[in-house]
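What follows is the residue order along each chain.
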Amino acid sequence: MPHAGIVVLVGPSGSGKTTLLRRLVAEGALLSTEAVSSDQFRMLIGDDEYVDWRNRPRSEADVIYAEYQQVSAKAFEALESLVGMRCRLNKLTWIDATHLYPEDRQRLVDIARKAHVPVIAVVLDIPEQELLARDAGREHPRGRQRVKQQVQQFKRTQRGVREDGFDAVYVLKQPDDIAFVRGENPLMVDIGTGIDIIGDIHGCYDEMMELIEKLGYVNRDGDGLFRHPEGRKLVSVGDVTSRGPKSLASLMFWHRHCAAGLAYMVDSNHGWKIARYLDGRNVTLGHGDELVEQELRRFEEERGEEAARQFKDALKHFLQEAPSHLVFTRNGIRQVVVAHAGIRDHFIGKQSARIQDYCRYGDVEGTDAAGRPVRKDWYVDHKSGECIVWGHDPRPYPTIVNDTVNIDQGVVFGGMLTAWRMPERQAVSVPARQDYAGDPDSPLRRWERRRFTAPNLRKFTEGFAVQTGSRMNVSINGEQARAAIDTFSHFTVPLEELVYVPPTMSPPPGTCSVDGYLEHPRDAFQYYRAQGVTRMVAEKKHMGSRAVLLLFRDEAAGLQWVGRPMLGNIVTRSGRSFFDPETEREVLSRLHADLRANGYFERHSTEFVLLDAEIVPWNLKARELISSQYAHVAEAAMMDRDVLLDQLGKALAAGRHVEDWLRETERKRENAGLFRDVFQKYCWDVQGLNDIAIAPFHVLAHSTGTFWDKSHEWHMEQGRELAGMSSLIGETEYRVITNEAEEEEAVRWWEEMTAEGHEGIVIKPDRFRAWNGDKMLQPAIKVRGRSYLHIIYGMDYLAPENLERLRKRRTSRKERHALMESALGMEAIDRFVRREPVERIHECILAALALESERIDPRL
């Protein structure tokens, strides 16, 4: 029995079709749901199990027979519809009906072919006398004449069953003597302890062996077979040969390892062409395939004609038998699909000539002016949940879109050879030793020229997912995506100039452990200690506006990195320009002059510096907010409470008992004054550039790389260095915490600072990216002072009843967003530094902006 598809039972009434199916279900060879019958559907459609029009007057018999025919037609229509659905889901279905007419069988063959599943016929060839005897013993006999008619039709049709297009035809004369075994799906493989999927090798044998050894495979037994100590297996996405210098060595490696059960390889376009060439087909060898022919000629010259014939024959069968794709499972659930050029979701786990071609060549729509295939973005429609790993289309770096991973990094064109590790979802690469193809118009060079091409918005409008180097998969639904696209198109700087959106920060998780406070540093320290962090940094939090500064060495560098000549830009955390154009030019020019005068770009051998900073004063960006939400509120509250105090004073003088009310109002009047004083502390008049300060707390990247591996203390020291170069840049005060005494000192520092009205501190783990096992920790926790929180939660928030309610606030969504936005921000900068296309960087930025559109209590 096939693992899926259709089994068509063929035989007259009484040949044992229903009995056979009942037996298979009883033996456990079939599920009861895997067997359907025409009688079953006739009952569902027409209510009657059996209709007899014999021995009735002609006028009645004709009506009953016409109704029977109508019910039968609808029953088969419903049955075939159900079978088609099961085939699309790659299920197995046995069909119990006579199937004596070729057109009935052909419809089922067509259903199977359309769904790319096997279809076989099981013909029950039972002698006529036995059929007549069985019919006589039935509860509702069909009658001797009807059985004989069916036997005659069966004999006429039996010879043609083999020509109906079935994958196999079995003729059974004694079904009771036959054992039925369900075949395994040859495309499904258990993932075991893990797999390492290697991208297009193209004859780059030396790089392949370097990568395999880097992955931990060793030739322990000296037999030339490389095994992993943990039992992992190698998988090739195909295109092992052609273009490179050692195609035969590469191909023989995979032939030997697949034969030994240590590796798997899927079919590919170059592999298929070489297989047809070895089979003697008339094929034109080009695009590097001719190099394989040259290697084979040298092999024959060195080893002789007979050895070459055997060698070619072995390689031919190996390549011809390569599956279109492989599906690796865990606990019977599909985890990862490996296909050379991609695969559609409804093809997964199925095999057909159409699927084989699709997996070899991808979704191609004609050719361009240069004769190259125009590839469609098949991966935008992937929704079935598995990770699909593919190659074929060279890209500078592993490209992850919609849980599909392209790992063809063009090693033969001078790029890299990449392996994708599952279930770890990690990329491991080695660089090419040279550009073997020497193609001036190679895919990698074309990819570089397309860096600034506008993105395909269809990839994003219905929702998308971004997989990041922080092992975090961030999913954005369609509504969020469309809102972010609208924001992007109306308000942000040009997308090629926006390379980073800073993450939000969460306050300490849970309820504050210190009475009388809503936030306290002890809870942040406790969070990190509980996660195994032994070294932390506490940084003073400036009450200003978050800004990202991108500063190029010169305008030529700007042209190279963002597509137009510019010195840089300064944007808000929502991607908008921080200053008006004239002020931005002035700030950038001064910063640029200061850094160039101090040799910053030359000393660090970089073409740009990317900074995450706070710009003060607060009123630079928040003037309208301060006026509408703070100044007017403070003024109105003070006037209202002054009037009330005056009236309560008069009432008290008149002998009324209003002492408690008066004391409460005095406290509220003090709260209103504190509220006014707090926000005013962060504002001052700005007459020129000398009145502003830029306080960087992260040097995010240079053109030579990112700085996620650096400590936050290192970032603070870089800020001090920059402050020494430019009067526009201010230093950020910080403390390093490694023990309880330093924690206590940091708490005292926070208390003194916030008592003076400063906002508070930000506590961070030692490194930019910190982990507890495979769990990413909060990148930063903000702890705001009691005074400052008046402007966030209201001037009376410290009243016992208010504070008790606020201490129950939930921070979990804010924490989750902080993690996701941090992962997206780092991924965007990684991609920018790697010079990936704008679309790839835009994907991360768009996701971060989309997360910001999700409703979360803004006071957090």
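Rules used throughout
- Residues numbered from 1 in each chain as written.
- Predicted model: local features only at pLDDT ≥ 70, side-chain atom pairs only at ≥ 80, totals over all residues.
- Heavy atoms only, no water.
- Helix = DSSP H or I, 4+ residues; strand = E, 2+ residues; numbered from the N terminus.
- Expected span 1.5 Å × (residues − 1).
- Buried < 20%, exposed > 50% of the residue type's maximum accessible area, 1.4 Å probe, protein only.
- Contact = heavy atoms within 4.5 Å.
- Pairing = 2+ DSSP bridges.
- Axes fitted to C-alpha atoms, helices over the stretch in contact; angles between N-to-C directions.
- Parallel < 35°, antiparallel > 145°, perpendicular 65-115°, else oblique.
- Nonpolar A, V, L, I, M, F, W, Y, C, P; charged D, E, K, R; others polar.
- Left-handed = near helix turned anticlockwise from the far one by under 90°.
- Salt bridge = Lys/Arg side-chain N within 4 Å of Asp/Glu carboxyl O.
- Phe/Tyr/Trp six-rings, centres within 6.5 Å; stacked < 30°, edge-to-face > 60°.

Draft legend 1. Fine view of helix α27 (residues 838–852). Relative to the 21 Å expected for 15 residues at 1.5 Å per residue, α27 spans 21 Å between its end C-alpha atoms, a close match to the ideal helical length. With 14 of 15 residues buried, α27 is to be regarded as a mostly interior element.

Draft legend 2. Local environment of the environment of C87. Positionally, C87 belongs in helix α3 (residues 58–88). Each C-alpha atom, one on C87 and one on A112, is 6.7 Å from the other, the two residues being 25 residues apart in sequence. Not counting residues within four places of it along the chain, the set of residues in contact with C87 comprises I6, I111, A115, V117 and K350.

Draft legend 3. Examining the sheet that holds strand β6 (residues 188–190) more closely. The strand order β6-β10-β11-β14-β16-β15 describes an open sheet built from six strands, whose pairing is mixed. Edge strands, defined here as strands with exactly one partner in the open sheet, are β6 and β15 (399–401). Taking each pair of neighbouring strands and ignoring which way they run, the sheet shows an average axis angle of 25°. Of the pairings in the sheet, the one linking strand β11 (residues 333–339) to strand β14 (residues 387–390) comprises three bridges and is parallel in character. Residue V338 lies in a different strand from β14, and its bridge partner there is V389.

Draft legend 4. Geometry of the packing of helix α15 (residues 478–491) against α27. Two elements in contact, α15 and α27, have axes separated by 8 Å at closest approach and are oriented at 105°. Looking at the two axes, α15 sits roughly perpendicular to α27. Taken together, the residues of α27 that come into contact with α15 (itself represented by Q480, A481, A484, I485 and F488) are H842, I845, L846, L849, A850 and L851. Class assignment of the residues belonging to the contact of α15 with α27 gives a composition of nine nonpolar, two polar and no charged.

Draft legend 5. Here's a closer look at the packing of helix α26 (residues 812–833) against α27. Here α26 crosses α27 at 160°, and the two axes come no closer than 8 Å. On the basis of the axis angle, α26 is roughly antiparallel to α27. Crossing angle aside, the handedness with which α26 passes α27 is left-handed. Of α27, the residues touching α26 (which contributes H817, M820, E821, L824, E827, A828, R831 and F832) are R840, I841, E843, C844, I845, A847, A848, L851 and E852. Its residues assigned to classes, the contact of α26 with α27 comprises ten nonpolar, one polar and six charged.

Draft legend 6. Quick peek at the pattern of salt bridges. Across all of its chains, the model carries 66 salt bridges by this definition. E582 is paired through a salt bridge with R585; the nearest N and O atoms lie 2.8 Å apart. Pair noted here: E582 and R585 are both in helix α18 (residues 581–597), with a separation of three residues, about one helical turn. Overall, E582 belongs to the partly exposed group, its relative accessible area being 48%. When its relative accessible area of 48% is taken as the criterion, R585 is described as partly exposed. Here the salt bridges share partners, and the residues they tie into one network are E827, R831, R834, E836, R840 and E843.

Draft legend 7. The pairing of strand β25 (residues 693–702), seen in detail. Taking burial as the measure, the ten residues of β25 include nine buried ones, the bulk of the element. Here strand β24 (residues 608–616) pairs with β25 via eight bridges, running antiparallel. In the strand pairing of β25, L611 is matched with V699. By the bridge criterion, two bridges tie β25 to strand β26 (residues 705–706) in an arrangement that is antiparallel. For A701, the partnering residue across the bridge sits in β26 and is T706. Here β25 folds back onto β26, and the loop between the two strands holds two residues.

Draft legend 8. Representation of the sheet that holds strand β8 (residues 233–236) in the model. With respect to topology, five strands assemble into an open sheet ordered β9-β8-β7-β17-β18, the strand pairing being mixed. Sheet topology places β9 (263–265) and β18 (426–431) at the edges, where each strand pairs with a single neighbour. This sheet shows a mean twist of 20° between the axes of neighbouring strands, independent of strand direction. In this structure, strand β17 (residues 416–422) lies alongside β18, joined through six bridges in antiparallel fashion. Each residue of the ladder has a partner; that of A419, found in β18, is V428. Packing of helix α7 (residues 205–214) onto the sheet brings it into contact with β7 (195–198), β8, β17 and β18, and relative to β18 it is tilted by some 140°.

Draft legend 9. Region of interest: the packing of aromatic side chains. For the coordinates displayed, the defined rule picks out 21 aromatic pairs. Judged by centre distance (6.3 Å) and plane angle (80°), the rings of F552 and F608 are edge-to-face. Pair noted here: F552 is in strand β22 (residues 545–552) and F608 is in strand β24, with a separation of 56 residues, a long-range link. Given a relative accessible area of 0%, F552 falls into the buried group.

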